[in-house]
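One letter stands for each residue in the lines below.
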Amino acid sequence: GIGSRLASPHVPKRWISQFIVLTAWLLIALALGLGFGNLAWWLFGMLALYVGNLLRHVYRLDRALETGKPVRAFDTRGLWAESYSIVNKNQTKLRNRKKKYQRLLREVRQSTDALADAGIILNADFEIQWFNTAAKRLLGLDPTRDKGQRIDSFLRSPDFVRYLDSAAGEPV
């Protein structure tokens, strides 16, 4: 009903801790402002410190995302520690996945290099990414000249071109 649509979504604990920190900073500013006067300046000063701290963390997070280097999460607590931890975990997963695919690609290359038949790896645009020794010999491919070239510039058979154009990719 209407009540469920108006209810706020679940707020993660890491964000609640950030709201508590902000509230504490504002209460300190309030106490100092009431005690020493100039409440507006104390509130402004505390908010400026809070925003400066936020910008420092956003900068560290930005650098971590851009460089892929892990962030030292133990330097902080709450929202930022958990956020850095999530970024570090995702970066580790990505590195491990990349290593796995590199290992798999190396194995594919080694196994196809041992074949007597020509083996060619193409990207989604049908550009040559790699080929085995048999492809060099049988098709006259040159690694320095032909990598990155479309395969249909070498194999012009109408059946092969139709195969490349077909969505189903039926064997030739």
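Coordinates for the structure precede this section.
Here the structure is a predicted model, which means the values were calculated and not measured.

Could you give an account of the overall build of the protein chain, naming the residues involved and the relevant values?
Counting secondary structure elements, the protein chain contains seven helices and two strands. Going from N to C terminus, the protein chain has its helices and strands arranged as α-α-α-α-β-β-α-α-α. Compactness check: the protein chain gives a C-alpha radius of gyration of 29 Å against a globular reference of 16 Å for 172 residues, more than 25% above the reference. Counted over contacts in the protein chain with a minimum sequence separation of 6, partners at least 24 positions apart contribute 21%. A total accessible area of about 12,800 Å² is found for the protein chain, and carbon and sulfur atoms account for 61% of it.

Go over the packing of aromatic side chains with me, naming the residues and quoting the values.
This model, assessed by the stated rule, comprises six aromatic pairs. For the pair Trp15 and Phe19, a centre-to-centre distance of 6.5 Å together with 40° between the ring planes defines the contact as tilted. In this pair, Trp15 and Phe19 are both assigned in helix α2 (residues 13–36), four residues apart and thus about one turn of the helix distant. Under the relative-accessibility criterion, Phe19 is labelled partly exposed at 48%. A cation over an aromatic ring shows up here: Lys100 above the ring of Tyr101, its NZ or CZ 5.9 Å from the ring centre.

Explain the side chain of Gln18 residue by residue, including any values.
Inspection of the secondary structure puts Gln18 in helix α2. For Gln18, the side chain forms a polar contact with the side chain of Tyr50, separated by 2.9 Å. Excluding residues within four positions of it along the chain, Gln18 makes contact with Tyr50, Leu54, Leu79 and Trp80.

Hey, could you go over the pattern of salt bridges for me, with residue numbers and the actual values?
All told, the structure shown has five salt bridges when counted by the stated rule. In this structure, Asp146 engages Arg145 in a salt bridge whose closest nitrogen and oxygen atoms are separated by 2.9 Å. Its salt-bridge partner being Asp159, residue Arg162 comes within 2.3 Å of it at the nearest N-O pair. With Arg162 and Asp159 both in helix α7 (residues 158–165) and three residues apart, the pair spans about one turn of that helix.

Reading the values: rules and limits
- Residue positions are given per chain, counted from 1 along the sequence in the order it is written.
- Confidence filtering applies because this is a predicted model: local features only for residues at pLDDT of at least 70, side-chain atom pairs given and counted only at 80 or more, and all residues used for totals across whole chains, interfaces and linings.
- Side-chain calculation: all heavy atoms of the structure are included, whereas hydrogens and water are not.
- Each helix corresponds to a stretch of at least 4 residues labelled H or I by DSSP, and each strand to a stretch of at least 2 residues labelled E; elements are numbered beginning at the N terminus.
- In this setup the radius of gyration rests on C-alpha atoms only. A globule is expected at 2.2 Å times the number of residues raised to 0.38.
- Contacts between residues were defined by any pair of non-hydrogen atoms, one from each residue, lying within 4.5 Å.
- The method behind every accessible area is Shrake-Rupley, applied with a 1.4 Å probe, and residues are considered shielded solely by the protein chains displayed.
- Here the aromatic set is Phe, Tyr and Trp, taking the six-membered ring for Trp, and pairing holds for ring centres within 6.5 Å; pairs whose planes are under 30 degrees apart are stacked, those over 60 apart are edge-to-face, and all others are tilted.
- We call a residue buried when its accessible area falls under 20% of the maximum for its residue type, exposed when it is over 50%, and partly exposed in between, using a 1.4 Å probe and counting protein chains only.
- Two thresholds decide whether a charge sits over a ring: the Lys NZ or Arg CZ must be within 6 Å of the ring centre and within 35 degrees of the ring normal.
- Definition of a polar contact: a pair of N or O atoms within 3.5 Å, with one able to donate and the other able to accept a hydrogen when the atoms are protein atoms, and with sequence-neighbouring residues admitted only if both atoms are side-chain atoms.
- Should a side-chain nitrogen of Lys or Arg be within 4 Å of a carboxyl oxygen of Asp or Glu, the pair is scored as a salt bridge.

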